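# Residue-level structural notes
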Amino acid sequence: MGGAEGREAAYDATPFLPDRGGLPAHRKAAAGCWGCPLHRDATGTVFGRGGSGARLMLVGEQPGDQEDREGAPFVGPAGRLLFRALAEAGIDEDDLYVTNAVKHFKFTREETGKRRIHKAPSLRETLACRPWLLAELRLVSPELVVTLGATAGRALLGPSFRVGTDRGVPRPLPGDGNGTRVLATVHPSAVLRSPRREEMYAGLVADLRTAADAL
Ligand code: URA
Ligand code: SF4
């Protein structure tokens, strides 16, 4: 069908966004999104979780294997590390909205086994999914957004974003009219993979403390 192909070629979630409603209406609509090809192989859309009154929003990359199966963000190993770091930084879980830049799990399969291996989303997929993230930002209107890793940083701070040079400092969120600020830090999965895990973890906690102080 020409129409459907045309829409897929555009890679854009916009046509799937409801024109009204709050987070529940958006979560429901996102479950039917096929704005890019990632919906095809994943189990389902993983929308954000948390209340619309949250003062702090955390943005990860995309759901992992466990998040894809459970339908909620940061419920796997990266999430456990993240919530430990948040507790150490004195951030209350109840005051959070947690989501991802990309809402479907992208993976490759091991040649022999059945294991699904995480694959980073492309910039094109990240931009396709961005309307959902912008809708969450508008509906939650947090005081501060913390981006975790390169994908979330690029989604909100532009394609030239680099974690190494741009982390740890609160700044105005580009294109936002509500006074929301953004602070970038590393991704908890990068901490888990790092040979210098302790050091990187301490850096994550330090950035989250800066975030807590900025609230
Ligand atoms: N990594 C992410 O970026 N998000 C999740 O929800 C889980 C792992
Ligand atoms: Fe839609 Fe985002 Fe899923 Fe792509 S990744 S199909 S844009 S929800």
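For clarity, every value in this text was computed on a predicted model and none was experimentally measured.

### Focus: the nonpolar core
By size, the foremost hydrophobic cluster in this structure holds 56 residues, and its most contacted members are Leu58, Val59, Leu86, Leu96, Trp132, Val146 and Leu208. With near-sequence residues (within four places) excluded, Leu86 lies in contact with Leu58, Ile91, Leu96 and Leu208.

### Description of the site of ligand 2
Taken together, Ala13, Cys33, Trp34, Gly35, Cys36, His39, Val102, Lys103, His104, Ala128, Cys129 and Trp132 make up the full set of residues near ligand 2. When each cavity is represented as a set of grid points, ligand 2 is found to reside in the largest cavity. Counted by class, the shell around ligand 2 contains eight nonpolar, three polar and one charged residues.

### Digging into the pairing of strand 8 (residues 181–185)
In terms of burial, strand 8 is a largely internal element, four of the five residues being buried. Here strand 6 (residues 144–148) runs beside strand 8; their pairing, made up of five bridges, is parallel. Bridging from a neighbouring strand, Leu144 pairs with Arg181 of strand 8. In this sheet, strand 8 lies alongside strand 7 (residues 171–172) in antiparallel orientation, the contact comprising two bridges. By the bridge assignment for strand 8, Pro172 is matched with Arg181.

### A word on the sheet that holds strand 6
Taken together, the six strands give an open sheet; going across it, the order is 1-3-2-6-8-7, and neighbouring strands pair in mixed fashion. The two strands at the open ends of the sheet, each matched to only one other strand, are strand 1 (49–50) and strand 7. Along the sheet face, helix 4 (residues 77–88) touches strand 1, strand 2 (56–60), strand 3 (96–100) and strand 6 and points at about 150 degrees away from the line of strand 3. Across the face of the sheet, helix 5 (residues 123–140) comes into contact with strand 2, strand 3 and strand 6 while running at roughly 170 degrees to strand 3.

### What about helix 2 (residues 23–30)?
Those residues of helix 2 that sit buried are Leu23, His26 and Ala30. One side of helix 2 carries all its buried residues, which in axial view fall inside an arc of 65 degrees. More than 90 degrees from the buried face of helix 2, the exposed residues found are Pro24 and Lys28. For helix 2, the elements touching its buried residues are strand 1, strand 3 and helix 5.

### Points about the layout of surface pockets
In this structure, the largest pocket occupies an estimated 690 Å³ of space. As for the largest pocket, its lining consists of 29 residues, of which Gly64, Ala78, His118, Ser189 and Arg193 are closest to the centre.

### Points about the side chain of Lys106
With respect to the secondary-structure elements, Lys106 resides in the loop between strand 3 and strand 4 (107–109). On the basis of relative accessible area, Lys106 is assigned to the buried category, the value being 14%. In this structure Lys106 touches Leu38, Gln62, Ile117, His118, Lys119, Ala120, Pro121, Ser122 and Glu125, once residues within four positions along its chain are discounted.

### Overview of the site of ligand 1
Every residue close to ligand 1 is listed here: Gly60, Glu61, Gln62, Pro63, Gly64, Glu67, Pro73, Phe74, Asn100 and His187. Glu61 is positioned with one of its backbone polar atoms (N or O) 2.8 Å from an oxygen atom of ligand 1. At 2.8 Å, a backbone N or O of Phe74 approaches an oxygen atom of ligand 1. In isolation ligand 1 has 240 Å² of accessible area, and contact with the protein removes 94% of it. With respect to the pocket detection grid, ligand 1 is positioned in the largest pocket. Partitioning the shell around ligand 1 into residue classes produces three nonpolar, five polar and two charged.

Rules used throughout
Residues numbered from 1 in each chain as written. Chains lettered and ligands numbered in written order. Predicted model: local features only at pLDDT ≥ 70, side-chain atom pairs only at ≥ 80, totals over all residues. Heavy atoms only, no water. Core = buried A, V, L, I, M, F, W, Y, C linked by side-chain atoms within 4.5 Å. Buried < 20%, exposed > 50% of the residue type's maximum accessible area, 1.4 Å probe, protein only. Contact = heavy atoms within 4.5 Å. Near = heavy atom within 4 Å. 1 Å grid on protein atoms, 1.4 Å probe; cavity = no way out; pocket = protein on both sides within 12 Å on 5 of 7 lines; lining within 4 Å. Sits in = over half its atoms within 2 Å of the grid points. Nonpolar A, V, L, I, M, F, W, Y, C, P; charged D, E, K, R; others polar. Helix = DSSP H or I, 4+ residues; strand = E, 2+ residues; numbered from the N terminus. Pairing = 2+ DSSP bridges. Axes fitted to C-alpha atoms, helices over the stretch in contact; angles between N-to-C directions. Arc of directions from axis to C-beta. Points joined across faces, edges and corners; volume = space filled by probe spheres on them. Polar contact = N/O pair within 3.5 Å; in protein donor to acceptor, adjacent residues only side chain to side chain. Areas by Shrake-Rupley, 256 points an atom, 1.4 Å probe, with all protein chains shown as cover.

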